[in-house]
Number of protein chains: 2
Amino acid sequence: MEIKELHLDNYLGKEVKINGWIRNHRKQAHFCFIDLFDGTCFKSVQIVYDEELSNFEEVSKLLVGSSICVSGLVVESSGKQEFEIKAKEVSILGYCDETYPIQPKRHTREFLRDVAYLRPRTALFQAIFRIRSVASMAIHTYFQDRGYVYFHAPIITASDCEGAGEMFRVTTLDLKNKNLKDEDDFFGKVTGLTVSGQLEAETFASAFSKCYTFGPTFRAENSNTKIHASEFWMVEPEVAFCDLDGIMDIEEEFLKFIVSYVLERCPDEIDFLNHFVEKGLRNKLENLLNSNFVRITHKEVIDILKKADVSFDFAPEYGEDIAKEHEKYITEYFGVPVFIKDWPRDIKAFYMKQNEDGETVRAVDLEVPGVGELIGGSEREASYEKLIARMKELDMNIEELDWYVNLRKFGTVPHSGFGLGFERLLIYLTVVDNIRDVIPYPRTPKSCDF
Amino acid sequence: MEIKELHLDNYLGKEVKINGWIRNHRKQAHFCFIDLFDGTCFKSVQIVYDEELSNFEEVSKLLVGSSICVSGLVVESSGKQEFEIKAKEVSILGYCDETYPIQPKRHTREFLRDVAYLRPRTALFQAIFRIRSVASMAIHTYFQDRGYVYFHAPIITASDCEGAGEMFRVTTLDLKNKNLKDEDDFFGKVTGLTVSGQLEAETFASAFSKCYTFGPTFRAENSNTKIHASEFWMVEPEVAFCDLDGIMDIEEEFLKFIVSYVLERCPDEIDFLNHFVEKGLRNKLENLLNSNFVRITHKEVIDILKKADVSFDFAPEYGEDIAKEHEKYITEYFGVPVFIKDWPRDIKAFYMKQNEDGETVRAVDLEVPGVGELIGGSEREASYEKLIARMKELDMNIEELDWYVNLRKFGTVPHSGFGLGFERLLIYLTVVDNIRDVIPYPRTPKSCDF
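Residues numbered from 1 in each chain as written. Chains lettered and ligands numbered in written order. Predicted model: local features only at pLDDT ≥ 70, side-chain atom pairs only at ≥ 80, totals over all residues. Heavy atoms only, no water.

Trainee: Explain the overall build of chain A to me, and be specific about the residues and the numbers.
Mentor: Per the secondary structure count, chain A includes 13 helices and 16 strands. If you line up chain A on its principal axes, its C-alpha atoms span 85 × 60 × 45 Å. The buried share of chain A, reckoned over its 450 residues, is 62%. For chain A, long-range pairs separated by at least 24 residues make up 66% of all intrachain contacts whose partners lie at least 6 apart in sequence. Summing over all exposed atoms, chain A offers an accessible surface of approximately 18,200 Å²; the carbon and sulfur share of this is 47%. For chain A, the centre of its 54 positive side-chain charges and the centre of its 76 negative side-chain charges are spaced 2 Å apart. (Helix = DSSP H or I, 4+ residues; strand = E, 2+ residues; numbered from the N terminus. Buried < 20%, exposed > 50% of the residue type's maximum accessible area, 1.4 Å probe, protein only. Contact = heavy atoms within 4.5 Å. Areas by Shrake-Rupley, 256 points an atom, 1.4 Å probe, with all protein chains shown as cover. Lys, Arg positive; Asp, Glu negative; His and termini not counted. Charge placed at Lys NZ, Arg CZ, Asp CG, Glu CD.)

Trainee: Go over the relation of the copies chain B and chain A with me, naming the residues and quoting the values.
Mentor: Placing chain B over chain A gives an RMSD of 0.0 Å and needs a rotation angle of 180°, together with 0.0 Å of translation along the axis. Interpreted geometrically, this transformation is the action of a two-fold axis. The rotation axis passes nearest to the C-alpha of V170 of chain B in chain B, at a distance of 2.4 Å. Mapped onto chain A, 99% of the interface residues of chain B again fall at the interface, so both copies present the same surface. (Least-squares fit on C-alpha atoms with pLDDT ≥ 70 in both.)

Trainee: Tell me about the packing of helix 9 (residues 298-307) of chain B against helix 10 (residues 324-334) of chain B, residues and numbers included.
Mentor: Residue and element names in this part refer to chain B. Contact geometry of helix 9 with helix 10 gives a least axis separation of 11 Å together with a crossing angle of 90°. By the angle between their axes, helix 9 is roughly perpendicular relative to helix 10. Touching V301, I304 and L305 of helix 9 are H326, Y329, I330, Y333 and F334, all from helix 10. In terms of residue class, the contact of helix 9 with helix 10 is made up of seven nonpolar, one polar and no charged. (Axes fitted to C-alpha atoms, helices over the stretch in contact; angles between N-to-C directions. Parallel < 35°, antiparallel > 145°, perpendicular 65-115°, else oblique. Nonpolar A, V, L, I, M, F, W, Y, C, P; charged D, E, K, R; others polar.)

Trainee: Before we move on, can you summarise the interface of chain B and chain A with the specific residues and values?
Mentor: Counting from both sides, the interface comprises 108 residues of chain B and, opposite them, 107 residues of chain A. Of the roughly 8,400 Å² buried between chain B and chain A on both sides combined, carbon and sulfur atoms contribute 64%. At the boundary of chain B with chain A, the tally comes to four salt bridges. Residue E2 of chain B pairs with K210 of chain A through a salt bridge whose shortest N-O separation is 2.7 Å. Between chain B and chain A we count 45 residue pairs in polar contact (both at pLDDT 80 or more) in total. When its residues are assigned to classes, the side of chain B that touches chain A shows 53 nonpolar, 33 polar and 22 charged. In terms of strand pairing, strand 8 (residues 169-171) of chain A meets strand 8 (residues 169-171) of chain B through three bridges, oriented antiparallel. Residue pairing across strands places V170 of chain A opposite V170 of chain B, the latter belonging to strand 8 of chain B. (Buried area = accessible area lost by both parts, 1.4 Å probe. Salt bridge = Lys/Arg side-chain N within 4 Å of Asp/Glu carboxyl O. Polar contact = N/O pair within 3.5 Å; in protein donor to acceptor, adjacent residues only side chain to side chain. Pairing = 2+ DSSP bridges.)

Trainee: Before we move on, could you go through the sheet that holds strand 9 (residues 191-193) of chain B and cite the residues and values that matter?
Mentor: Pairing within the open sheet is antiparallel, and its six strands lie in the order 7(A)-9(A)-8(A)-8(B)-9(B)-7(B). The open sheet has two edge strands with one neighbour each: strand 7 (156-157) of chain A together with strand 7 (156-157) of chain B.

Trainee: Summarise the pattern of salt bridges; cite the residues concerned and give the values.
Mentor: Residues and elements named next belong to chain A. The final tally for this structure, using the stated rule, is 66 salt bridges over all chains. For D303, the salt bridge identified is with K299, shortest N-O distance 3.5 Å. Of the two residues, D303 and K299 are both situated in helix 9 (residues 298-307); the distance of four residues between them amounts to about one turn of the helix.

Trainee: Outline the pairing of strand 5 (residues 83-94) of chain B, supporting the account with residue identities and numerical values.
Mentor: All names here are of chain B. Here two bridges tie strand 3 (residues 45-49) to strand 5, and the two strands are oriented parallel to one another. Looking at strand 5, one finds that V48 is bridged to K86. Sheet topology places strand 4 (residues 67-76) next to strand 5; ten bridges connect them, and they run antiparallel. Paired with G72 across the two strands is A87, which belongs to strand 5. The hairpin turn running from strand 4 into strand 5, its antiparallel successor, is six residues long.

Trainee: Could you give an account of the packing of helix 7 (residues 267-276) of chain B against helix 8 (residues 281-290) of chain B, with specific residues and numbers?
Mentor: Residues and elements named next belong to chain B. Where helix 7 contacts helix 8, the axes come no closer than 8 Å and their chain directions differ by 125°. In terms of orientation, helix 7 and helix 8 fall into the oblique class. Judged by residue contacts, P267, I270, D271, L273 and N274 of helix 7 engage L281, R282 and L285 from helix 8. Its residues placed into classes, the contact of helix 7 with helix 8 shows five nonpolar, one polar and two charged.

Trainee: Got a sec to walk through helix 8 of chain B? Specific residues and values, please.
Mentor: Residues and elements named next belong to chain B. If you check which residues of helix 8 are buried, you get L281, L285 and L288. For helix 8, the buried positions fall inside an angular range of 55° around the axis, keeping them on one side. For helix 8, the exposed residues lying more than 90 degrees away from the buried face are N283, N287 and N290. Buried residues along helix 8 sit against helix 6 (244-265), helix 7, strand 14 (360-368) and helix 13 (422-430). (Arc of directions from axis to C-beta.)

Trainee: Explain the sheet that holds strand 1 (residues 15-27) of chain A to me, and be specific about the residues and the numbers.
Mentor: Residue and element names in this part refer to chain A. Within the closed barrel, the five strands sit side by side as 1-2-3-5-4. Their pairing is mixed. Strand-to-strand twist in this sheet, taken as the mean axis angle between neighbours without regard to direction, amounts to 55°. Taken together, the five bridges between strand 2 (residues 32-37) and strand 3 (residues 45-49) define a ladder with antiparallel strand orientation. Residue pairing across strands places C32 opposite Y49, the latter belonging to strand 3.

Trainee: Explain the state of the cysteines residue by residue, including any values.
Mentor: A complete count under the given rule lists zero disulfides over all chains for this structure. Here C242 of chain A stays unpaired: no disulfide links it, and the sulfur of C211 of chain A, its closest cysteine neighbor, is 12 Å away. Summary of cysteine pairing: C266 of chain B is not part of a disulfide, and the nearest cysteine sulfur, belonging to C41 of chain B, is at 12 Å. A residue is classified by how much of its surface remains accessible, and C266 of chain B, at 0% relative accessible area, is buried. (Disulfide = S-S within 2.5 Å.)

Trainee: How would you sum up the environment of I375 of chain B? Please name residues and give values.
Mentor: Within the element layout of this structure, I375 of chain B appears in strand 15 (residues 372-379). Between the C-alpha atoms of I375 of chain B and D346 of chain B, which are 29 residues apart in sequence, the distance is 19 Å.

Trainee: Hey, could you go over the packing of aromatic side chains for me, with residue numbers and the actual values?
Mentor: As enumerated under the stated definition, the model contains 74 aromatic pairs over all chains in all. For the pair Y117 of chain A and F450 of chain A, a centre-to-centre distance of 5.8 Å together with 35° between the ring planes defines the contact as tilted. Taken together, the residues span a long stretch of sequence, with Y117 of chain A in the loop between helix 3 (109-114) and helix 4 (123-145) and F450 of chain A in the segment after helix 13 (422-430) at a distance of 333 residues. By relative accessible area, which is 5% here, Y117 of chain A ends up buried. Take F450 of chain A: its relative accessible area is 16%, and that puts it in the buried class. The aromatic ring of Y428 of chain A is capped on one face by K284 of chain A, whose charged end is 4.0 Å from the ring centroid. A cation sits over an aromatic face here: R146 of chain B above F257 of chain B, 5.3 Å from the ring centre. (Phe/Tyr/Trp six-rings, centres within 6.5 Å; stacked < 30°, edge-to-face > 60°. Lys NZ or Arg CZ within 6 Å of the ring centre and 35° of its normal.)

In structure tokens, the structure reads:
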């Protein structure tokens, strides 16, 4: 049986049989104790055995990391556990020698990255990767329960028209050859890894009303920071017949849904992180659930910043982007998540709906205390003429995106959507501050191991 | 409100307001009829209007594909529908001209591939892509309800040691340069797109006991067939403390779960496909639910084939692979899905557990009537010595996969897993026989559009 089951019900006085890995092994005068985990839940279980065990000698020599199968009786524990297992039989599945890198002591996260294939066995990464899994399911559940169609956006793509970031090239050309011709490549042209599935998602929203993507996206940027990875997962819902206020309603409900789903299903994991990584985590998450998100315009934000009694490194200016320090000030000013909307059009993407003032677009960024920008969204430009005009202004290749602009020719509808970087969300949920620690096998410049 | 809601409850006599696209528009002497869909469910709704409409002239000229917002009264229908909407107000959201490629007539699937961004608006692709979404959720629900951890396997990888197929290269080198050096590439070495997440999944199963991947995988093979795509989604669960029989139990339960989940949630879509694509579809799916899958060895299969009163193009042989015609014969012979296990080791992958006979491995393929091989799985080799010996035999680079073989050194456990090609499953569920028609934007040799 699984250790999870043991903790869900009362098995006192019953015979059980469990498998797992040894996390800790202590030998005392007459008894030995094994801390055994199997990863089915955050908790482990204590095994007690003594010399009555037929293979006592062998078992007592087992090192941390070894795998065993234990049959025994569930009994009340003399220690702080609710119960423990008095072993009657222990069979050894796999030995582990003293070269095993994961020992019962504090390892640095940098060290654990080097043995990324073993770090899921530590308590910290048991918590992080279970939350990653549960948060994924929260995302699917939220959208599927509300009738959204899950849409797999293509990963290999021939268009980089969004300009969202540097792309990796995908090729089967033999790089040792000279005079490589793009038209000889696998797809007959230059292709790369997608930076966003949004444009394709808009085509599905124009058929199913509501859809979402949840898949990997890529950036070939040579930036070695704590929050950049070359490969990461994005959630991109797209909703027809929905305006900017409508998409803000969805974002707020969606974020609260995920937080509440994770709090409910990962109480032990959150407690652990709250205890060992950041004391205020549980409070922070519960506060989010109880808050009403503020909605203000970019202009109002600049007003507030200009009046602030703070000397910023970058002076806040109308018509310009806001800096990290400004985000921080604004979220602290309100103490709750803040939607900043109606951004200067020149610093936002071509597909965003142009406001009547000719200067701003219906974009909205969600700024969350403690993490900064978490979600970026917008109402999309639904007018064929306005979209074309903007693309010409930006000197974009309209022909290459004819399918995208044609959506505005064939029964265009008001529609809006947003993008959530999944790892950014996980950093918020786990308070682990390096993106390399929330991805199973992170890919960053000069680093692609496992 | 959504058209889905209209069909879920009785709104007769009530005022409603709905958005959607015109699928059909018929004008009669005194009344006009619009068939309106919004993609929130498979059914559309009939709108009736007459000259009392304030903008009657304008509305009556609307062409198929236009988008409108209708306010009106739900009334009993004179036609075959249960109800229709008597329009009081129709506002036009987006016009559509006569160049719109999707007209109310039969289009070939080849034609629709050329306008892949519009085909989700047809009934056929409404059915296919909703089933794709619902089947995805079935997969997540099955595993999450049973405590599996969803694990995002890396997409960009430096190892092709599995030899599962040709890989795409991922690069940021400027191909116009001469003398390109691999060590100058983004990751400091040669990297490509993953062909499988299994090896990494094994590392997670060795920490969480149960995990699964569900993500895109890639093959750079230049094959233009109905069942090959360069980019497709794979499901790969991996289970510790599980042997070959255990993984067959899971495969059978898993497949039945998905079929039953889709039948329950997509009755209209299945009816449509059953009516217009293949009459026996519903029967086929229901039969699968009620069948007990057969389990036989590869040797027993060859015995049956050799005795068969059929002249095969390829003679069945012990120790060799079985051909499509053999798969077909065997599934028809039993009339239910068949697990074929204990395959000749020379035609199977290096990581499969070696049987005591020295000739076979604990591999299992699931052959399903009407589609052939649907799932491939195996118990994995848990012995360090045996795995190393096999890799040496195959002249593999052991050092490059040290993390993988080390799992056998650090607390090895018996474990098994399988791989399901998601599009292969969709072909089975929808009876649409070309993989290009179950992927939103398919990628195949010389074809990477949208």
